[in-house]
Amino acid sequence: MKRIGDAAAHSTVKRLRAGMTGGVLSFPLTSFRSDGGLDVAAYRTYLRGQLAAAPGAVFPACGTGEFFSLDEDEYRAVVEATVDVAAGRLPVVAGVGYGWAQARRFARIAEEAGADALLVLPHYLVAAPQDGLVEQLRRIAEGTALPLIAYQRDQVAFTVEGLRRIAGIPNVIGLKDGHSDLDRLQRLTLTAPDGFLFFNGAATAEIQARAYAGVGVPAYSSAVHAFAPEIADAFFAALRDRDDARADRLLRDFYVPLVELRDRVPGYGVSLVKAAARLRGLPVGPVRAPLTDPGPADLAELEEIVGAGLDLVGAP
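Every chain begins its residue count from 1, and numbering advances along the sequence as written. Local features in a predicted model are, by the rule used here, given only for residues with pLDDT of at least 70; side-chain atom pairs are given and counted only at 80 or more, and totals for whole chains, interfaces and linings are based on all residues. Computation of side-chain values covers all heavy atoms of the structure but excludes hydrogens and water.

Caption draft 1: Expanded view of the overall build of the chain. Secondary structure elements are defined from DSSP: runs of H or I of at least 4 residues count as helices, runs of E of at least 2 residues count as strands, and each element is numbered from the N terminus. For the chain, the helix and strand inventory stands at twelve helices and eight strands. Computed over the C-alpha atoms, the radius of gyration of the chain is 18 Å, within 12% of the 20 Å expected from 2.2 N^0.38 for a compact globule of 316 residues. Of all 316 residues assigned to the chain, the portion counted as buried reaches 53%. Surface accessibility of the chain: about 13,000 Å² in total, with carbon and sulfur atoms responsible for 52%. When charges are counted, neither His nor the chain ends are considered; positive counts come from Lys and Arg and negative counts from Asp and Glu. Where a charge lies is defined by one atom per residue type, namely NZ (Lys), CZ (Arg), CG (Asp) and CD (Glu). Side-chain charges of the chain comprise 33 positive and 38 negative groups, with the mean position of each set lying 5 Å from the other. Computation of the radius of gyration draws on C-alpha atoms alone. For the globule rule, the value is 2.2 Å times the number of residues to the power 0.38. Relative accessible area decides the class of each residue, using a 1.4 Å probe on protein chains only: under 20% of the type maximum gives buried, over 50% gives exposed, and in between gives partly exposed. Surface accessibility in these figures is a Shrake-Rupley result with a 1.4 Å probe; residues are shielded only by whichever protein chains are displayed.

This is the structure in structure tokens:
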């Protein structure tokens, strides 16, 4: 398999770094019909609204996009639609995952669909030693010409030595962190070679955005952008402008209540986001099993929280 060349890797890293500096990273929802089928037309409509808010990059078919529930044909349709709607305006980084053999199948599809890079989601089920984590990433990299961003969370956590080793794999250009272990993360950022990308991938990353920035990782993904880019962009601007009072108001009156509701039910990290998008009239449809949509009481509370956030930023 052809490996990524230095020029292509440099271009992708440069575009991603510029995007991470200029805006939040968008992880769009995947649109399903009421019968559970994929709705590509609705997804395109929804995605155009997402991209109109000018995120730094777009990551289709990842965790928020319910990668785990897509078959290969659906995955191809989602990535192709994203590449088409993005039209080269920003990097498209598609999710891949499961074991390395299956991840390579998805990587091949993403490459054929025109994605710029891949986010390697945590592998399925088992814990593994560093040798295995590195070998998993190496085998995926050997099966694609696209650059890879590793995602550490749950059972995937790289040590300093592990980070050195994955950074030596030609295709691997960065790391998304979902552990929020800032001591470990600081050690990793100090170990990484120049140009290696890091970004905050904690659930509702805005809650910890200032702490991550303190260890040199200011870029972050935003689930809130999936349903309220106005709020996500306002918080990003508050951080950029060092407007602590505004950032604190958004955290106190919107983000913290949202996180408290999210933490009540497993899977709400996705299904609550999708419910909020539906409350705003966005054509995303329901979640697929094993996720479940929120019940009436939680939906009512969610509507109040989203309304409060929109009021704070002066959005309808």
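Right, picking up where we left off after that structure.
Caption draft 2: Highlighting the side chain of Glu66. Relative to the helices and strands, Glu66 resides in the loop between strand E2 (57-58) and helix H3 (72-86). Contacts were defined at the residue level, with two residues in contact if any of their heavy atoms lie within 4.5 Å. Apart from residues no more than four positions distant in its own chain, Glu66 is found in contact with Thr30, Phe32, Val270, Lys274, Pro286, Val287, Arg288 and Leu291.

Caption draft 3: Quick peek at the packing of aromatic side chains. Pairing of aromatic side chains here covers Phe, Tyr and the six-membered ring of Trp, requires ring centres within 6.5 Å, and sorts the geometry by plane angle: under 30 degrees stacked, over 60 edge-to-face, intermediate tilted. Considering all chains together, one arrives at eleven aromatic pairs under this definition. Where Phe67 meets Tyr75, the ring centres are 5.9 Å apart and the plane angle is 80 degrees; that geometry is what we call edge-to-face. Accessibility expressed as a relative area gives 4% for Phe67, which makes it buried. Aromatic side chains Tyr220 and Phe236 sit 6.2 Å apart centroid to centroid with 50 degrees between the ring planes, which places their arrangement in the tilted category. Here Tyr220, found in the loop between helix H8 (209-214) and strand E8 (221-222), pairs with Phe236, found in helix H9 (residues 229-240); they are 16 residues apart in sequence, far enough to count as distant. Residues Tyr220 and Phe236 agree in their burial class; the two are buried. Put simply, the rings of Phe67, Tyr75, Tyr98 and Phe106 touch in pairs and so form one group of aromatic residues. Seen from the ring of Trp100, Arg139 lies directly overhead, with NZ or CZ sitting 4.6 Å from the centre. Put simply, a charge is over a ring when the Lys NZ or the Arg CZ is close to the ring centre, within 6 Å, and near the line of the ring normal, within 35 degrees. Note that Lys176 overlies the ring of Tyr151, its terminal NZ or CZ placed 4.2 Å from the centroid.

Caption draft 4: Layout of the pattern of salt bridges. A pair is scored as a salt bridge if a Lys or Arg side-chain nitrogen falls within 4 Å of a carboxyl oxygen belonging to Asp or Glu. On inspection of all chains with the given rule, the structure shows 23 salt bridges. The closest approach of N and O atoms between Asp253 and Arg252, which form a salt bridge, is 3.6 Å. Salt-bridge contacts for Arg262 lead to Asp263; the nearest nitrogen and oxygen are separated by 2.8 Å. Its relative accessible area of 51% is what places Asp263 among the exposed residues.

Caption draft 5: Here's a closer look at unusual backbone geometry. Going from Ala289 to Pro290, the amide bond is cis rather than trans, its omega being 15 degrees. Inspection of the secondary structure assignment puts Pro290 in the loop between helix H11 (268-279) and helix H12 (296-313). For Leu125, which is not glycine, the phi torsion reads 75 degrees and is therefore positive. Positionally, Leu125 belongs in the loop between strand E4 (117-120) and helix H5 (130-142). Residue Leu125 is classed as exposed on the basis of its relative accessible area of 63%. Here Ser180, not a glycine, exhibits a phi torsion of approximately 60 degrees, which is positive.

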